[in-house]
Amino acid sequence: MGEPVISLRGVGAELGGRPVLRGVDLTVHRGEVVALLGANGSGKSTAIRAVIGQVPVSTGTIELFGTERARFRSWARVGYVPQRTTAAGGVPATVTEIVSSGRLSRARFGVLRKADHAAVRHALERVGMADRAKDSVDALSGGQHQRVLIARALAAEPELLIMDEPMAGVDLVSQKVLADTLSAQVEAGTTVLVVLHELGPLEPLIDRAVVLRDGRVLHDGPPPRGAAGTFPLPASPDPGHPRPGHDHVHPHAPADVEPIRTGLLS
Ligand SMILES: Nc1ncnc2c1ncn2[C@@H]1O[C@H](COP(=O)(O)OP(=O)(O)OP(=O)(O)O)[C@@H](O)[C@H]1O
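Residues numbered from 1 in each chain as written. Predicted model: local features only at pLDDT ≥ 70, side-chain atom pairs only at ≥ 80, totals over all residues.

### Concerning the site of the ligand
Part 1 of the reasoning: The environment of the ligand is formed by Leu15, Gly16, Val20, Gly38, Asn40, Gly41, Ser42, Gly43, Lys44, Ser45 and Thr46.
Part 2 of the reasoning: Class assignment for the residues of the shell around the ligand results in two nonpolar, eight polar and one charged. (Near = placed C-beta within 6 Å. Nonpolar A, V, L, I, M, F, W, Y, C, P; charged D, E, K, R; others polar.)

### Some points on unusual backbone geometry
Part 1 of the reasoning: Phi is positive for Phe65, which is not a glycine, with a value near 50°.
Part 2 of the reasoning: In this structure, Phe65 sits in the loop between β4 (59-64) and β5 (67-68). (Helix = DSSP H or I, 4+ residues; strand = E, 2+ residues; numbered from the N terminus.)

### Describing helix α4 (residues 142-154)
Part 1 of the reasoning: Taking 1.5 Å per residue as the helical rise, α4 with its 13 residues ought to reach 18 Å, and the 19 Å between its terminal C-alpha atoms agrees with that figure.
Part 2 of the reasoning: The element α4 is extensively covered by neighbouring structure, given that 13 of its 13 residues are classed as buried. (Expected span 1.5 Å × (residues − 1). Buried ≥ 20, exposed ≤ 12 C-beta atoms within 10 Å, placed from the backbone.)

### Here's the deal with the pairing of strand β3 (residues 33-38)
Part 1 of the reasoning: With six of six residues buried, β3 lies mostly within the body of the structure.
Part 2 of the reasoning: With five bridges connecting them, β3 and strand β9 (residues 208-213) associate as parallel partners. The residue of β9 that forms the bridge with Leu36 is Val210. (Pairing = 2+ DSSP bridges.)

### Things to note about the sheet that holds strand β2 (residues 18-29)
Part 1 of the reasoning: Strand order across the open sheet formed by four strands is β2-β1-β4-β5, with antiparallel pairing between neighbours. Pairing within the sheet leaves two strands with one partner each, and these edge strands are β2 and β5.
Part 2 of the reasoning: When strand β1 (residues 4-15) meets β4, the two strands line up antiparallel, connected through five bridges. Note on β4: the bridge partner recorded for Arg9 is Thr61.

### A word on the pairing of strand β10 (residues 216-221)
Within a regular strand, the side chains alternate between the two sheet faces.
Part 1 of the reasoning: Here five bridges tie β9 to β10, and the two strands are oriented antiparallel to one another. Looking at the pairing, Val211 lines up with His219 of β10.
Part 2 of the reasoning: Connecting β9 to the antiparallel partner β10 that follows it, the hairpin turn spans two residues, and Asp214 within it adopts a positive phi of roughly 50°.

### Comments concerning the environment of Arg213
Part 1 of the reasoning: Here Arg213 shows up in strand β9.
Part 2 of the reasoning: On a C-alpha basis, the gap between Arg213 and Gly43 in space is 7.5 Å, while along the polypeptide they are 170 residues apart.

### Notes on the sheet that holds strand β7 (residues 160-164)
Part 1 of the reasoning: One open sheet accounts for six strands, arranged β6-β7-β8-β3-β9-β10; its pairing is mixed. Bordering the open sheet on either side are β6 (78-81) and β10, each of which pairs with just one other strand. The mean angle between the axes of side-by-side strands here comes to 15°, regardless of whether they run parallel or antiparallel.
Part 2 of the reasoning: Docked against the sheet, α4 engages β6 and β7, running at close to 165° with respect to β6. (Axes fitted to C-alpha atoms, helices over the stretch in contact; angles between N-to-C directions. Contact = placed C-beta atoms within 7 Å.)

### Brief notes about the packing of α4 against helix α5 (residues 172-187)
Part 1 of the reasoning: The N-to-C vectors of α4 and α5 enclose an angle of 15°; their axes lie 9 Å apart at closest approach. Classed by the angle they form, the pair α4 and α5 counts as roughly parallel. Between α4 and α5 the crossing geometry is left-handed. Contact residues: Gly143, Gln144, Gln146, Arg147 and Ile150 in α4; Val173, Ser174, Val177, Leu178 and Thr181 in α5.
Part 2 of the reasoning: Among the residues making up the contact of α4 with α5, the classes are represented as four nonpolar, five polar and one charged. (Parallel < 35°, antiparallel > 145°, perpendicular 65-115°, else oblique. Left-handed = near helix turned anticlockwise from the far one by under 90°.)

Spelled out as structure tokens, the structure:
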């Protein structure tokens, strides 16, 4: 097994004065693909936002590539795909502009050069969006928008990809493109931590599943297999907290109902 790329030990976090993470231990080793599962509100997004420094930690430690997160500076090694949102205000931007913004962390003095433009083009090709390079992101479907967000993360050629529900609200064609893209990344050695509400088309890629419930790790081991996606766990005693891996309600808009606005530049 490779060295730890992400390491959380006893991590606690509070939001709005309420504990959301309650002592989370989670390690992702180099080359691993780990799915973070759990019911709505179990703390999945908060856990990965804590990893990338968007949520302060009240207890415990987080390390990235063996460095304490507060001292970690090599953000170009990390690609982050946030949970898609329709709420953020959009700034008109083209597909290329959005994907190029993901390359800035690699560009010397913030200036994109030939190799950077080539990396941006390559990332767009990988998600099948090269023909939309000049289009405004406001004109894209939900699934296409998600492909652009992933191209933006890939443009920096990260060693670690952290994704928050990349398949949510994404049409089947885009799901297939994303699964193939991710598969190629994993093949090339990229480490992946991905929040999912069901394994779906990514199932063959997942090495391990970590299931959260109420901000605690309920399961860390083999992913649930089979159509039902169930774990060998007792039924939830609390109907408000259904069993992990299913019974998960999602507020996301159905795929491709209307173009969504991007909040990437806001
Ligand atoms: N900014 C915030 N302020 C206060 N509470 C928050 C905030 N963000 C999240 N929470 C609360 O923290 C808990 C965990 O939220 P989180 O988004 O991490 O869950 P999740 O497992 O990712 O859920 P989902 O599957 O619905 O995306 C929820 O109860 C949520 O209401």
